[in-house]
Amino acid sequence: QVQLVESGGGLVQAGGSLRLSCAASVRSFSRYTFAWFRQAPGKEREFVAAVRYSGHEYYADSVKGRFTISRIKNTMFLQMNSLKPEDTAVYYCKAFTRAGPIWGQGTQVTVSS
């Protein structure tokens with residue numbers, strides 16, 4: 001029943017901005033911890049950012065100061081500023097539910113130099 005619906009991926013020039021969204025479809029309000037991961041071709045999937053129900057935020061060193069994660073109930077956002085070509089990857093939404101982690105389908109983010 002629970003699904004993650006992502007949006008906001010696309011092509012952007014270096015130095016530009018992009019905003020990703022991820023919504024967890026559930027019957028009622030849930031206190032999920034949300035997270036973003038990304039995976040570039042030939043690379044392992046890596047942690048990007050996470051936000052707890054309390055609003056506490058966590059960031060990978062590579063995106064600190066440039067990315068901002070936030071949430072409203074079961075919808076999570078990732079505001080990406082000052083994008084670099086190195087940020088090019090498929091970005092995945094993840095929700096930590098009591099039944100186990102749930103992954104989104106992934107959205108492609110491409111940053112041109």
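Structural notes, computed from the coordinates. Residue positions are given per chain, counting from 1 as you read along its sequence in written order. Reporting in this predicted model follows two pLDDT cut-offs: at least 70 for local features of residues, and 80 or more for side-chain atom pairs to be given and counted; totals over whole chains, interfaces and linings ignore these cut-offs and use all residues. The side-chain figures draw on all heavy atoms in the structure; neither hydrogens nor water molecules are used.

Section: the side chain of S21
Thinking step 1. Relative to the assigned elements, S21 resides in strand β3 (residues 18–25).
Thinking step 2. We call two residues in contact whenever any of their non-hydrogen atoms come within 4.5 Å of each other. Leave out the neighbours within four places in its chain, and S21 touches V5, E6, S7, W36, M76 and F77. Elements are defined by DSSP. Helices are runs of H or I of four residues or more, strands are runs of E of two residues or more, and each kind is numbered from the N terminus.

Some details on the pattern of salt bridges
Thinking step 1. Salt bridges are defined as contacts in which a side-chain nitrogen from Lys or Arg sits within 4 Å of a carboxyl oxygen from Asp or Glu. Applying the stated criterion across every chain yields a total of 4 salt bridges.
Thinking step 2. Residues R38 and E46 are paired through a salt bridge, measuring 2.8 Å at the closest nitrogen-oxygen approach.
Thinking step 3. For E46, a relative accessible area of 36% corresponds to the partly exposed category.
Thinking step 4. One continuous salt-bridge network, built from bridges that share partners, spans R38, E46, R66 and D87. Burial here depends on accessible area, computed with a 1.4 Å probe over protein chains only, as a share of the maximum for the residue type. Under 20% is buried, over 50% is exposed, and the range in between is partly exposed.

A short note on the nonpolar core
Thinking step 1. Buried residues of nine kinds, namely Ala, Val, Leu, Ile, Met, Phe, Trp, Tyr and Cys, make up a nonpolar core once their side-chain atoms join them within 4.5 Å. One finds W36, L78, M80 and Y91 to be the most contacted residues of the largest nonpolar core, which totals 27 residues.
Thinking step 2. When contributions to this core are tallied by element, the ones reaching two or more residues are β3, β4 (33–39), β5 (46–51), β7 (67–72), β8 (75–80), β9 (89–97) and β11 (107–112).
Thinking step 3. With sequence-adjacent residues up to four places away left out, L78 is seen in contact with L18, R19, L20, W36, V48, A49, F67, T68, I69 and Y91.

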